[in-house]
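# Structure assessment
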Amino acid sequence: MPDDRTIPETPLFDRAGSIKGYKMNKMAMALGQPDNREAFKTDEIAFLDRFGLTEEEKTAVLARDWHEMVRLGGNLFFILKIAAVDPTPITQIGAAQASMSHDDFLYERLGKKRNG
């Protein structure tokens, strides 16, 4: 029986997702501490290994594949802490979540003029 709560191409963050993404979310929350942000910037792979992330999770984090991180159980509010380290504009993350280019997202969702 289909789940009435599903939205096409949108991962549902529920208890199962929370359990699945626990290590990735714990890693992201650790970035709230300055020492951890510095460790992440110095050697991302070593930092991710400290939290026991799977290869799939590490690949998503290293690529800053926001949509994939959410699909793997990442809570967007937690994984946004990764964006604060780079820094990545929140609109770029929104575009990734909507499967749109950044310019299209700015134009279609925020009414900004297109570049060029």
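The following paragraphs examine the structure supplied in this document. (Residues numbered from 1 in each chain as written. Predicted model: local features only at pLDDT ≥ 70, side-chain atom pairs only at ≥ 80, totals over all residues. Heavy atoms only, no water.)

## A few points about the packing of aromatic side chains
Inspection of every chain in the model, using the stated rule, returns 2 aromatic pairs. Relative to Phe-47, the ring of Phe-40 lies with its centre 5.7 Å away and its plane at 85°, an arrangement referred to as edge-to-face. Phe-40 gets classed as buried once you look at its relative accessible area, which sits at 0%. Note on Phe-47 and Phe-51: the rings are 5.2 Å apart at their centroids and 55° apart in plane angle, and the pair reads as tilted. The residues Phe-47 and Phe-51 share a single accessibility class, namely buried. What links up through ring pairs into an aromatic cluster is the set Phe-40, Phe-47 and Phe-51. (Phe/Tyr/Trp six-rings, centres within 6.5 Å; stacked < 30°, edge-to-face > 60°. Buried < 20%, exposed > 50% of the residue type's maximum accessible area, 1.4 Å probe, protein only.)

## Observations concerning unusual backbone geometry
Backbone geometry at Arg-64 places phi at a positive 55°, although glycine is not the residue there. Tracing the backbone through its elements, the reader meets Arg-64 in the loop between helix H5 (55-62) and helix H6 (66-71). Relative accessible area serves as the criterion here: at 15%, Arg-64 is assigned to the buried category. With phi around 55°, Ser-99 is a residue other than glycine that occupies positive phi space. Tracing the sequence through the fold places Ser-99 in the loop between helix H8 (90-97) and helix H9 (102-110). (Helix = DSSP H or I, 4+ residues; strand = E, 2+ residues; numbered from the N terminus.)

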